Amino acid sequence: MFKLPAAALLGLLMTAAPLAQAGGAGGPVPASGVCRPGYVRPDFAALNRQLRQARTLWQAQGLTTYRYDVRQVAAPVLFPTTRVTVRGGQVTGTALAPGESGEPSPLARLTLEGRFDTVAQILREQARARCPEVRVSYDPALGFPVSLYSGLGDGGIADGFGEWTVTNFTPLR
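Report follows, based on the coordinates.

Thresholds, definitions, all that
Residues numbered from 1 in each chain as written. Predicted model: local features only at pLDDT ≥ 70, side-chain atom pairs only at ≥ 80, totals over all residues. Heavy atoms only, no water. Helix = DSSP H or I, 4+ residues; strand = E, 2+ residues; numbered from the N terminus. Buried < 20%, exposed > 50% of the residue type's maximum accessible area, 1.4 Å probe, protein only. Contact = heavy atoms within 4.5 Å. Areas by Shrake-Rupley, 256 points an atom, 1.4 Å probe, with all protein chains shown as cover. Disulfide = S-S within 2.5 Å. Axes fitted to C-alpha atoms, helices over the stretch in contact; angles between N-to-C directions. Parallel < 35°, antiparallel > 145°, perpendicular 65-115°, else oblique. Nonpolar A, V, L, I, M, F, W, Y, C, P; charged D, E, K, R; others polar. Core = buried A, V, L, I, M, F, W, Y, C linked by side-chain atoms within 4.5 Å. Pairing = 2+ DSSP bridges.

Considering the overall build of the protein
Working step 1: Within the protein, the regular secondary structure consists of three helices and seven strands.
Working step 2: Ordered by position from N to C terminus, the α and β elements of the protein give α-α-β-β-β-β-α-β-β-β.
Working step 3: Put simply, the protein has 173 residues, and 46% of those count as buried.
Working step 4: Counting contacts in the protein only where the partners sit at least 6 residues apart, residues at least 24 apart contribute 60% of the total.
Working step 5: Total accessible area on the protein stands at roughly 8700 Å², and carbon and sulfur atoms take up 55% of it.

See below:
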């Protein structure tokens, strides 16, 4: 992974934002339609059930003012970890997490509810893909999405996947 200068990053985002947000779901598929050896297709019914359960748990918390850090990869770009502040259910700020350098990704400007929407979108898109790979995890106590990985299990591409991880969730007053 590498980090891009701000101008190059902005150009990349303008042309690749839909792919990056979708986690690379629109990437190339093998011409033969054959997945890599040992590939197991995700259980999309179970993933959608987990999404609904996690979203219900999150909504029951009633949290609309909080802060979290997000680390995002839109292959081949590793974005700096970004601190997202949400007040009253709206993103009010993004800044680099301590020790990071570069420009925050515009794709980081999501509430946790927006992250749920992203997971739902990726599940819809990946369910139609050949050889999809999707892994999602949720906070067991609060329900918000903690991590998402989306890519293709064809073994034929070196980039085109996407992932993000949420850390340091902190309710604010």
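Points about the side chain of Thr-81
Working step 1: Take Thr-81: it is sitting in the loop between β2 (77–78) and β3 (82–87).
Working step 2: Not counting chain neighbours up to four residues away, the residues in contact with Thr-81 comprise Asp-69, Val-70, Arg-71, Ala-95, Leu-96, Ala-97 and Glu-100.

Let's talk about the state of the cysteines
Working step 1: Taken as a whole and judged by the stated rule, the model has one disulfide.
Working step 2: A sulfur-sulfur separation of 2.0 Å characterises the disulfide bridge that pairs Cys-35 with Cys-131. Because the torsion about its S-S bond is -100°, the bridge between Cys-35 and Cys-131 counts as left-handed. Placement of Cys-35 in the loop between α1 (6–21) and α2 (44–61) and of Cys-131 in the loop between α3 (112–127) and β5 (132–138) is noted, with a sequence separation of 96 residues between them.
Working step 3: For Cys-35, a relative accessible area of 23% translates into the label partly exposed.
Working step 4: Using a relative accessible area of 2% as the deciding quantity, one classes Cys-131 as buried.

Some remarks on the environment of Pro-42
Working step 1: Here Pro-42 shows up in the loop between α1 and α2.
Working step 2: For the pair formed by Pro-42 and Val-134, sequence separation is 92 residues and the distance between their alpha carbons is 6.7 Å.
Working step 3: Contact partners of Pro-42, with chain neighbours within four places excluded, come to Leu-47, Pro-132, Glu-133 and Val-134.

Some details on the packing of α2 against α3
Working step 1: One way to put it is that α2 packs onto α3 with a least axis distance of 11 Å and a crossing angle of 170°. One element, α2, and the other, α3, form an angle in the roughly antiparallel class. Across the interface between the two elements, Phe-44, Leu-47, Asn-48, Leu-51, Ala-54, Arg-55, Trp-58 and Gln-59 of α2 pack against Leu-112, Glu-113, Phe-116, Asp-117, Val-119, Ala-120, Leu-123, Gln-126 and Ala-127 of α3.
Working step 2: A per-class count over the contact of α2 with α3 returns eleven nonpolar, three polar and three charged.

Considering the nonpolar core
Working step 1: Within the largest apolar cluster, 27 residues are counted, with the highest numbers of intra-cluster contacts made by Trp-58, Tyr-68, Leu-112, Val-119 and Phe-169.
Working step 2: Of all the secondary structure elements, the ones that give two or more residues to this core are α2, β1 (66–74), β3, α3, β5 and β7 (162–171).
Working step 3: The biggest single contributor to this core is α3, with six residues.
Working step 4: With residues near it in sequence (within four places) discarded, Phe-169 still touches Trp-58, Leu-63, Tyr-66, Arg-67, Tyr-68, Leu-112, Leu-142 and Phe-144.
Working step 5: By size, the runner-up hydrophobic cluster in this structure holds five residues, among which are Ala-75, Leu-78, Tyr-149 and Phe-161.

Things to note about the pairing of β5
Working step 1: The buried count for β5 comes to five of seven residues, which makes it a mostly enclosed element.
Working step 2: The sheet contact formed by β5 and strand β6 (residues 145–152) spans seven bridges and is antiparallel. Note that in β6 the partner of Pro-132 across the bridge is Leu-152.

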